[in-house]
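# A closer look at the structure
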Amino acid sequence: MLAAETGIVEEWLSEFKTVPEASIPSYAKNLKDKISLVSSLYKVIQDPQSELLEPVCHQLFEFYRSGEELLLQFTLQFLPELIWCYLAVSASKDLQSSGCIEALLLGVYNLEIVDKEGHSRVLSFTIPSLSKPSVYHEPSSIGSMALTEGALSQHGLSRVVYSGPYLQREMLTAQNRFEVLTFLLLRYNAALSYMPAVSLQSLCQICSRICVCGYPRQQVRKYRGINSRIPVSSEFMVQMLTGIYYAFYNGEWDLARKAMDDVLYRAQLELYPEPLLVANAIKASLPQGAIKSSKEGIQVEITPTASRISRNAVTSMSIRGHRWKRHEQPDNANDTTESGSFVIPEISVTNVAGERTGNGEKSRAPAESDAPHIQGVQETPTDPRVDSKSLPEIRRQKSVRKIMEDGISSPGRVQF
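Residues numbered from 1 in each chain as written. Predicted model: local features only at pLDDT ≥ 70, side-chain atom pairs only at ≥ 80, totals over all residues. Heavy atoms only, no water.

### Comments concerning the overall build of the protein chain
The secondary structure content of the protein chain amounts to 19 helices and two strands. The buried share among the 416 residues of the protein chain stands at 35%. Contacts spanning at least 24 positions in sequence make up 73% of the contacts within the protein chain whose residues lie at least 6 apart. Only carbon and sulfur atoms are counted for the fraction: they give 53% of the accessible area of the protein chain, which is about 26300 Å². (Helix = DSSP H or I, 4+ residues; strand = E, 2+ residues; numbered from the N terminus. Buried < 20%, exposed > 50% of the residue type's maximum accessible area, 1.4 Å probe, protein only. Contact = heavy atoms within 4.5 Å. Areas by Shrake-Rupley, 256 points an atom, 1.4 Å probe, with all protein chains shown as cover.)

### Description of helix 13 (residues 234–248)
Within an α-helix, residues lying three or four positions from one another point in the same direction, as the helix has 3.6 residues per turn. Here helix 13 is 15 residues long and its end C-alpha atoms lie 21 Å apart, about the 21 Å a rise of 1.5 Å per residue gives. Buried residues along helix 13 sit against helix 6 (79–91), helix 10 (177–190), helix 11 (197–212), helix 14 (253–270) and helix 15 (273–285). (Expected span 1.5 Å × (residues − 1).)

### A closer look at the pattern of salt bridges
Per the counting criterion, the structure on display carries nine salt bridges. In this structure, the salt-bridge partner of R121 is E112, at a minimum N-O distance of 3.4 Å. (Salt bridge = Lys/Arg side-chain N within 4 Å of Asp/Glu carboxyl O.)

### Here's the deal with the packing of helix 13 against helix 14
Interhelical geometry of helix 13 versus helix 14 gives an angle of 155 degrees and a closest axis separation of 9 Å. By the criterion of interaxial angle, the relationship of helix 13 to helix 14 is roughly antiparallel. Our pair here, helix 13 against helix 14, has a crossing hand that is left-handed. Touching M237, M240, L241, I244, A247 and F248 of helix 13 are W253, A256, R257, A259, M260, V263, R266 and A267, all from helix 14. Split by residue class, the contact of helix 13 with helix 14 holds twelve nonpolar, no polar and two charged. (Axes fitted to C-alpha atoms, helices over the stretch in contact; angles between N-to-C directions. Parallel < 35°, antiparallel > 145°, perpendicular 65-115°, else oblique. Left-handed = near helix turned anticlockwise from the far one by under 90°. Nonpolar A, V, L, I, M, F, W, Y, C, P; charged D, E, K, R; others polar.)

### Structural notes on unusual backbone geometry
Note on backbone geometry: most residues besides glycine have negative phi, and most peptide bonds are trans. One non-glycine residue, K222, lies in positive phi territory at about 60 degrees. Checked against the element boundaries, K222 lands in the loop between helix 12 (217–221) and helix 13. Taking relative accessible area as the criterion, K222 reaches 69% and is therefore assigned exposed. You will see that L271, though not glycine, has its phi angle at about 60 degrees, which is positive.

### Remarks on helix 5 (residues 69–76)
Across the eight residues that make up helix 5, a large majority, six, are buried. What helix 5 keeps buried is the set L71, L72, Q73, F74, T75 and L76. Close packing links the buried residues of helix 5 with helix 1 (3–18), helix 2 (24–31), helix 3 (35–46), helix 4 (53–64), helix 6 and helix 10.

### Observations regarding the packing of aromatic side chains
Taken as a whole and judged by the stated rule, the model has 14 aromatic pairs. Look at Y27 and F63: their rings are 6.5 Å apart centre to centre, the planes differ by 75 degrees, and that puts the pair in the edge-to-face class. With a gap of 36 residues between them, Y27 in helix 2 and F63 in helix 4 connect regions that are remote in the sequence. Of the two residues examined, Y27 and F63, each falls in the buried class. Lying across the ring of Y223, R209 places its NZ or CZ 5.2 Å from the centre. R217 extends its terminal NZ or CZ atom over the ring of Y265, reaching a point 4.3 Å from the ring centre. (Phe/Tyr/Trp six-rings, centres within 6.5 Å; stacked < 30°, edge-to-face > 60°. Lys NZ or Arg CZ within 6 Å of the ring centre and 35° of its normal.)

### So, the side chain of R266
By secondary structure assignment, the location of R266 is in helix 14. The residues touching R266, leaving out its near neighbours within four places in the chain, are I210, C211, Y215, I230, P231, V232 and M237.

### Brief notes about the environment of E170
Here E170 shows up in the loop between strand 2 (159–163) and helix 10. Taking the C-alpha atoms as reference points, E170 and L106, separated by 64 residues in sequence, lie 7.2 Å from one another.

### So, the side chain of R187
Topologically, R187 is positioned in helix 10. You can call R187 buried: its relative accessible area is 18%. If near-sequence neighbours (up to four positions away) are discounted, R187 is found in contact with Y64, L72, L76 and E112.

### Description of the state of the cysteines
A full pass over the atoms with the stated rule returns zero disulfides. Unpaired in terms of disulfides, C85 finds its nearest cysteine sulfur in C57, a separation of 9.0 Å. Just so you know, C204 is unpaired, no disulfide at all, and the nearest cysteine sulfur is the one on C207, 6.6 Å from it. What makes C204 buried here is its relative accessible area of 1%. (Disulfide = S-S within 2.5 Å.)

### Focus on a nonpolar patch on the surface
On the surface, V122, V160 and Y162 cluster together to form a nonpolar patch covering roughly 290 Å² of accessible area. Position of V122 among the secondary structure elements: in the loop between helix 7 (99–112) and strand 1 (123–127). (Patch = residues over 30% accessible without salt bridge, like charges linked within 9 Å, V, L, I, M, F, W, Y side chains within 5 Å.)

### Some thoughts on the packing of helix 2 against helix 5
In the contact formed by helix 2 and helix 5, the axes pass within 8 Å of each other and the chain directions differ by 35 degrees. Relative to helix 5, helix 2 is oriented so that their crossing is left-handed. Contacts between helix 2 and helix 5 involve I24, Y27, A28, K29 and L31 from the former and L70, L71 and F74 from the latter. Among the residues making up the contact of helix 2 with helix 5, the classes are represented as seven nonpolar, no polar and one charged.

### Things to note about the nonpolar core
Core analysis: the largest hydrophobic core is formed by 91 residues, its most contacted members being W12 and F74. Among the elements that line this core, the one with the most residues is helix 6, at nine residues. Contacts of W12, omitting those with residues within four sequence positions, involve Y27, L31, L37, L41, V56, Q59, L60, F63 and F74. (Core = buried A, V, L, I, M, F, W, Y, C linked by side-chain atoms within 4.5 Å.)

### Considerations on the environment of W12
Note on placement: W12 falls in helix 1. In sequence terms W12 and V56 are 44 residues apart; their C-alpha atoms lie 9.3 Å from each other.

Structural data, given as C-alpha cells:
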C-alpha cells in the first residue's frame with residue numbers, strides 16, 4: 001500500500017472513535033461517498049500480512065453491531081472479499097493470518113441468526129403459485145392447466161418453506177465452514193440493492209476464482225495466487241448465482257457472464273444438480289444483447305385490467321370486408337381500354353384452374369366466341385337522359401347478364 005492510502009485508513013480508524021453518538025447517522029451517510037477510503041480498505045483486506053487488517057476488521061464489526069443501517073451496509077459491501085480471503089488462506093493452510101477475518105465472519109453470523117430479543121431466528125419463504133400472475137410469468141403463457149379435483153383443492157394455497165433455527169458457532173471448521181458462509185452470502189444477497197458497483201464487481205470476481213482455482217480453466221482466466229482447489233457446497237454455489245443474476249442487470253454484464261460460466265463449469269465437474277439447474281435457467285433467460293446500463297431491467301408484460309382485442313384479430317367481419325375489398329375495381333380500370341377489352345367481375349372464390357385478375361390489372365384478351373356479345377354491349381345508349389358518368393357501370397351489368405343468359409364460360413370462372 002502507498003503511504004497516502006495507509007494514512008486514509010488510519011484517519012478513518014481514529015475518526016469513528018471521536019464521533020458523538022448523536023452524529024453517527026450523519027457520519028454514516030457521508031461515509032459511503034468516500035471512494036478513496038473504500039478502495040484503500042479493499043487493499044488492506046486483500047493483504048493478509050498487513051498490520052492494519054486486524055484493526056480494520058475490528059472496526060467493521062463495530063459498524064455492524066452499532067444498529068445503524070447505513071453502517072451495517074458499509075460492512076456488508078466487503079463481505080465477498082472477506083469470504084475470498086478467508087477461503088484462500090484456508091486453502092494455503094496458513095490459518096494464523098486469517099484469525100481476524102474469521103472472527104469478523106463469525107461475529108456477523110452470530111448476530112444475524114438471532115433477533116433483537118436474542119431468540120433464534122427462523123427464515124421463511126413463500127413459494128409463488130403458477131396459477132396466479134407475477135412479475136416473472138403469466139399463467140396464460142404456461143398453457144392450459146387441467147382443472148382436476150386435486151388442482152382445484154390446491155388453488156389459492158401458498159406453500160411456505162422455513163429455514164432455521166441456526167446454531168451459534170465459536171469457530172469455523174471444515175464441517176461447518178460452508179454452512180456459515182452460505183448464510184452470510186444469503187444475508188449479503190438480501191441487501192444487494194444497496195450494494196455499490198465495486199462490491200458487485202468483487203462478488204463476480206471472487207465467484208470466478210473460487211470455482212476455477214486448481215482446475216485447467218485457471219490458466220485460461222490467468223488467475224495468479226493460489227493453485228489449490230477450494231471445496232464448495234451446492235448451497236453456496238446457488239447463493240453465488242443469486243448475486244451474479246442481480247449483477248447481470250445492474251451494470252456488470254461482462255463480469256457476471258464470466259462468473260456464471262465459471263460457476264456452471266464447476267457445477268458440471270462436481271455434478272451438483274441445484275447449481276446446474278439455476279445456472280442453465282439464468283443462461284436461457286438472458287437477452288441476446290448486453291445490458292450495460294443499470295437503468296435497464298427485465299422486461300415483463302403486465303396483465304391488463306380490462307379485456308382487449310388485438311387490432312389484427314381475424315373475425316368474420318374482417319374476412320367479409322377483405323373479400324369485398326379484393327373484388328373492388330376502380331372505374332377507370334373497368335372501363336373500355338384502347339384494345340377493346342374490358343374487365344368482367346370475378347364471380348367465384350373457389351380454387352378453379354385459370355388466371356385470376358388482380359387488383360388494378362388489365363384482364364386477358366377476350367376469346368373469339370365473346371366478340372359478338374362485346375360488340376353488342378359496347379353500343380352507346382340512345383337515351384339522352386343517361387348520364388355519361390354511368391356508362392361504364394351500365395356496360396358492365398349488361399355484359400355479365402348477357403354472358404350468364406347465353407351460358408358462355410371462360411377459363412377461371414364457374415358456370416352456374
